[in-house]
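Geometric and topological summary
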Amino acid sequence: MALEKPYLDVPGTIIFDAEQSRKGYWLNQFCVSLMKPENRQRFKANERAYLDEWAMTEEQKKAVLARDLNWCMRTGGNIYFLARIGATDGLSFQQMAGSMTGMTEDEYRAMMVAGGRSAEGNRYLGEDGDAQPQHQPQGHAAKGH
């Protein structure tokens with residue numbers, strides 16, 4: 001019997017539950033490896049070769065190579081670990097988060113300082129708030145992956 005997951009109906013949110021954790025185990029382990037300077041250097045020297053050392057799916061490898069963090073999350077990546085990819089590229093967390101929302105770093109920072117996205121229209125899929133997939137560039141891009 002499948003576990004009921006009513007929490008999956010939150011716009012703009014990928015819930016990192018046990019299933020996502022299992023799905024992204026090797027992707028997240030790869031990200032943890034980037035904590036060591038020598039591994040960051042090896043990754044930057046030949047990204048594909050370094051990724052091929054990990055038991056990740058081909059889709060996960062493509063998502064990393066594309067630096068599409070939303071795609072990485074859909075394949076089981078946890079943003080806590082995925083942040084190491086951006087850090088390896090010299091990006092701040094605000095720059096990475098902005099890229100995931102289609103906002104500039106300044107737009108993302110201003111939104112967060114103002115209290116984040118409004119819950120109005122964003123409580124469940126099908127409403128018409130600004131976090132709904134149809135209003136997000138990554139929602140359109142996700143259809144190609």
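Residues numbered from 1 in each chain as written. Predicted model: local features only at pLDDT ≥ 70, side-chain atom pairs only at ≥ 80, totals over all residues. Heavy atoms only, no water.

1. Here's the deal with the environment of Phe 93
Note that Phe 93 resides in helix α8 (residues 93–101). Residue classification places Phe 93 among the partly exposed positions, given a relative accessible area of 44%. Taking C-alpha positions, Phe 93 is 24 Å from Lys 23, a pair spaced 70 residues apart along the chain. When near neighbours in sequence (up to four residues on either side) are disregarded, Phe 93 contacts Ile 79 and Ala 83. (Helix = DSSP H or I, 4+ residues; strand = E, 2+ residues; numbered from the N terminus. Buried < 20%, exposed > 50% of the residue type's maximum accessible area, 1.4 Å probe, protein only. Contact = heavy atoms within 4.5 Å.)

2. Let's talk about the nonpolar core
The biggest cluster of nonpolar side chains holds 20 residues, and the ones touching the most others in it are Leu 27, Phe 30, Phe 43, Met 56, Val 64, Leu 82 and Ile 85. Residue assignment for this core shows that the elements contributing at least two residues are α2 (25–33), α4 (47–51), α5 (58–65), α6 (69–74), α7 (79–88) and α8. Tallying contributions element by element places α6 first for this core, with four residues. When residues no more than four places from it in sequence are discounted, the contact partners of Ile 85 are Phe 30, Cys 31, Leu 34, Val 64 and Arg 67. (Core = buried A, V, L, I, M, F, W, Y, C linked by side-chain atoms within 4.5 Å.)

3. Focus on α7
Considered for burial, the residues of α7 that qualify are Leu 82, Ala 83, Arg 84, Ile 85, Gly 86 and Thr 88. Tucked into the core, α7 has its buried residues touching α2, α3 (37–45), α5, α6 and α8. Just past α7, the residue Gly 90 takes up positive phi, approximately 80°.

4. Side note on the confidence of the model for the protein
Scored by pLDDT, the protein comes out at a mean of 85, with 90% of its residues at no less than 70. Within the model, the stretch residues 139–145 combines pLDDT values under 50 with six contacts to residues more than four positions away or in other chains. (pLDDT = per-residue confidence, 0-100.)

5. Section: the packing of α7 against α8
Direction vectors running N to C along α7 and α8 enclose 105°, while the axes themselves pass 9 Å from each other. In terms of orientation, α7 lies roughly perpendicular with respect to α8. The segment α7 lies against α8, with Ile 79, Ala 83, Gly 86 and Ala 87 engaging Phe 93, Met 96 and Met 100. When grouped by side-chain class, the residues that make up the contact of α7 with α8 number six nonpolar, one polar and no charged. (Axes fitted to C-alpha atoms, helices over the stretch in contact; angles between N-to-C directions. Parallel < 35°, antiparallel > 145°, perpendicular 65-115°, else oblique. Nonpolar A, V, L, I, M, F, W, Y, C, P; charged D, E, K, R; others polar.)

6. Thoughts on the pattern of salt bridges
Summed over all chains, the structure comprises twelve salt bridges. Asp 89 serves as the salt-bridge partner of Lys 44, at 2.8 Å between the closest nitrogen and oxygen. Pair noted here: Lys 44 is in helix α3 and Asp 89 is in the loop between α7 and α8, with a separation of 45 residues, a long-range link. Residue classification places Asp 89 among the partly exposed residues on the basis of a relative accessible area of 28%. Between Lys 61 and Asp 52 there is a salt bridge, with its nearest N and O atoms 3.0 Å apart. Overall, the relative accessible area of 9% leaves Lys 61 in the buried class. Overall, the relative accessible area of 41% leaves Asp 52 in the partly exposed class. The network of salt bridges with common partners includes Lys 44, Glu 47, Arg 67 and Asp 89. (Salt bridge = Lys/Arg side-chain N within 4 Å of Asp/Glu carboxyl O.)

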